[in-house]
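Notes for the structure review
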Amino acid sequence: MSKTIKELENSAIKFADDRKWKKYHTTKDLAIGIVTEGTELLELFRFKTDKEIKEMLKNPKKKEMIEDELADTLTFVLMFSGRNKIDLEKAFFNKQKKAEKKYPVEKYNGFWGKPGIE
């Protein structure tokens, strides 16, 4: 069953609110949480080769660790957007439109470089 972004957002906020954690979820602390959880995800890949990462993803226990950190990161993103009344779907598509202009297919097809630096 697929959920909407809003349903996920509401679920994350309800979980925290049921535990009276709102006082810990200021805008600053939620932003820090996004980075902290993202770093915990990144830490799982430190010093790993592409081959080792593929093997990790085949291992159910290690894959679950990756999924947990990814879910933790998403939880903080959802709480940040929900607590700050940011329409995450709208923000995503607005940013994608900006990226399409910044990185036109004709110029960046099979190539990535920072505009103005490449």
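Look up a bit, the structure's there.
A quick note: this is a predicted structure, and the numbers were derived from the prediction, not measured. (Residues numbered from 1 in each chain as written. Predicted model: local features only at pLDDT ≥ 70, side-chain atom pairs only at ≥ 80, totals over all residues. Heavy atoms only, no water.)

Focus on a negative patch on the surface
Filter applied, for reference: In this scheme, patches are assembled from residues that exceed 30% relative accessible area and form no salt bridge. Like charges are connected within 9 Å, while nonpolar side chains (Val, Leu, Ile, Met, Phe, Trp, Tyr) are connected within 5 Å. Here the open area of atoms and residues is found with the Shrake-Rupley method and a 1.4 Å probe, where only the protein chains shown may cover a residue. Here, a salt bridge means any Lys or Arg side-chain nitrogen found within 4 Å of an Asp or Glu carboxyl oxygen. Charged residues are defined narrowly, with Lys and Arg counted positive, Asp and Glu counted negative, and His plus the chain ends left uncounted. Every charge is mapped to an atom, namely NZ of Lys, CZ of Arg, CG of Asp or CD of Glu. Strands are runs of DSSP state E lasting at least 2 residues, helices are runs of H or I lasting at least 4, and numbering of each runs from the N terminus.
On the surface, Glu40, Glu64, Glu67, Asp68 and Asp72 cluster together into a negatively charged patch. It is helix H4 (residues 60–83) that contributes the most residues to the negative patch, four residues altogether. Here aspartate 72 is to be found in helix H4.

A short note on helix H2 (residues 27–43)
Here is the rule: Any helix carries an expected span of 1.5 Å times its number of residues minus one. We call a residue buried when its accessible area falls under 20% of the maximum for its residue type, exposed when it is over 50%, and partly exposed in between, using a 1.4 Å probe and counting protein chains only. Read the arc as the range of directions from the helix axis to the C-beta atoms. What makes two residues a contact is simply this: any of their non-hydrogen atoms within 4.5 Å.
With 17 residues, H2 extends 24 Å from end C-alpha to end C-alpha; this agrees with the ideal 24 Å at 1.5 Å per step. When H2 is considered as a whole, its buried residues turn out to be Leu30, Gly33, Glu37 and Leu41. Angularly, the buried residues of H2 cover 70° about the axis, an arc narrow enough to put them on a single face. Turned more than 90 degrees off the buried face of H2, the exposed positions are Lys28, Val35 and Leu42. Along its buried surface, H2 packs onto H4.

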